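Below, each chain spelled out in residue letters.
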Amino acid sequence: MDTNRLSKKIEDILNSQVTKEAEAAQIYLSYGCWADSQGYGGIANYFFRHSGEERNHMMKIMQYIMGRGGEVKVTAIKAPPKNPADLQTCFENTFKHEVDNTTAIYDIVNLAHDEKDWATYNFAQWFVKEQIEEEKLVMDLLDKLKIAGGPKASDESLFNLDKYLGEAPDDAPLPREASMDKPE
């Protein structure tokens, strides 16, 4: 008896997302190593923590596929991009990567909606919310770097940014949690 509750298209797109999450983990590992080599231990720590988070996302999707009777297909991943030239480029590339991942999550949601696969549609909503947080975190990084002076930031400003990121929590407040009394 076939107990797979996922269509071939849904199983394929979820497996594709497993690969994307694995690639994201590698990108963040790579950026963490680059940041460390530049002397940015706090920024390296930020990227290393996020690498683990991306791996957790990968596992979450794998467990969902298996829980629905599907087959997980672990495939080769692309090598991470070359090292960025500077922090500005690093954070901009990180933002572009997160936007690309958001688009992939939306593709899952749209396909699940089209197929009326409400279990997968509901499952994917967690990732929609997660991507709001991920994009917000990187937008905050870009804002902080801009305040520090952007590409012309002083060593002191970069030192303080690095220290802040080394101590900062990983989560960002979500707009849906905002109120008049607590806008962030």
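Not measured: the values here are computed from a predicted model.

Draft legend 1. Quick look at the overall build of the protein. When helices and strands are tallied, the protein shows five helices and zero strands. For the protein, the α and β elements follow one another from N to C terminus as α-α-α-α-α. The buried share of the protein, reckoned over its 184 residues, is 43%. The contacts in the protein between residues at least 6 apart in sequence include a share of 81% that link residues at least 24 apart. When the accessible area of the protein is evaluated, it comes to approximately 10400 Å², of which 53% is carbon and sulfur surface.

Draft legend 2. Spotlight on the packing of helix 2 (residues 41–67) against helix 3 (residues 87–114). Where helix 2 meets helix 3, the closest approach of the two axes is 13 Å, and the angle between their N-to-C directions is 15°. Relative to helix 3, the element helix 2 is oriented roughly parallel. The two elements helix 2 and helix 3 meet at a crossing, and its hand is left-handed. Where helix 2 approaches helix 3, its residues Ile 43, Phe 47 and Glu 54 are matched on the opposing element by Leu 87, Cys 90, Phe 91, Thr 94 and Glu 98. For the contact of helix 2 with helix 3, the residue count by class is five nonpolar, one polar and two charged.

Draft legend 3. Main features of unusual backbone geometry. Notably, Lys 116 is not glycine yet its phi reads approximately 55°, a positive angle. Note that Lys 116 resides in the loop between helix 3 and helix 4 (118–148). A residue is classified by how much of its surface remains accessible, and Lys 116, at 58% relative accessible area, is exposed.

Draft legend 4. Structural detail: helix 3. Here helix 3 is 28 residues long and its end C-alpha atoms lie 40 Å apart, about the 40 Å a rise of 1.5 Å per residue gives. Two to three positions downstream of the cap, the backbone nitrogen of Gln 88 sits 3.3 Å from a side-chain oxygen, assigning the N-cap of helix 3 to Asp 86. Looking at the residues trailing helix 3, positive phi occurs at Lys 116, about 55°.

Draft legend 5. Just helix 2, in detail. With 27 residues, helix 2 extends 39 Å between its outermost C-alpha atoms, agreeing within 8% with the 39 Å of an ideal straight helix rising 1.5 Å per residue. Of the residues one or two after helix 2, Gly 69 is the one with positive phi, at around 85°.

Draft legend 6. Inspection of the side chain of Ser 51 at higher detail. By the element assignment, Ser 51 lies in helix 2. Residue Ser 51 is classed as buried on the basis of its relative accessible area, which comes to 7%. Those residues in contact with Ser 51, other than ones at most four positions away along the chain, are Ala 25, Tyr 28 and Leu 29.

Draft legend 7. Up close: the environment of Ala 119. Among the structural elements, Ala 119 can be located in helix 4. Under the relative-accessibility criterion, Ala 119 is labelled partly exposed at 32%. Along the chain, Ala 119 and Phe 91 lie 28 residues apart, while their C-alpha atoms are 34 Å from each other. In this structure Ala 119 touches Tyr 64 and Arg 68, once residues within four positions along its chain are discounted.

Draft legend 8. Here's a closer look at the nonpolar core. Among the nonpolar cores identified, the biggest contains 23 residues, and Ile 43, Tyr 46, Phe 47, Leu 87, Phe 91 and Leu 165 are the most heavily contacted of them. At the level of secondary structure, the elements contributing two or more residues to this core comprise helix 1 (8–37), helix 2, helix 3, helix 4 and helix 5 (155–167). The element best represented in this core is helix 4, accounting for six residues. Those residues in contact with Phe 91 that lie beyond four places of it in its chain are Ile 43, Phe 47, Val 138, Leu 141, Leu 142, Leu 145, Leu 161 and Leu 165. Residues Val 18, Ile 65, Val 72 and Ala 112 belong to the second largest nonpolar core, which totals 20 residues.

Conventions adopted
Residues numbered from 1 in each chain as written. Predicted model: local features only at pLDDT ≥ 70, side-chain atom pairs only at ≥ 80, totals over all residues. Heavy atoms only, no water. Helix = DSSP H or I, 4+ residues; strand = E, 2+ residues; numbered from the N terminus. Buried < 20%, exposed > 50% of the residue type's maximum accessible area, 1.4 Å probe, protein only. Contact = heavy atoms within 4.5 Å. Areas by Shrake-Rupley, 256 points an atom, 1.4 Å probe, with all protein chains shown as cover. Axes fitted to C-alpha atoms, helices over the stretch in contact; angles between N-to-C directions. Parallel < 35°, antiparallel > 145°, perpendicular 65-115°, else oblique. Left-handed = near helix turned anticlockwise from the far one by under 90°. Nonpolar A, V, L, I, M, F, W, Y, C, P; charged D, E, K, R; others polar. Expected span 1.5 Å × (residues − 1). Polar contact = N/O pair within 3.5 Å; in protein donor to acceptor, adjacent residues only side chain to side chain. Core = buried A, V, L, I, M, F, W, Y, C linked by side-chain atoms within 4.5 Å.

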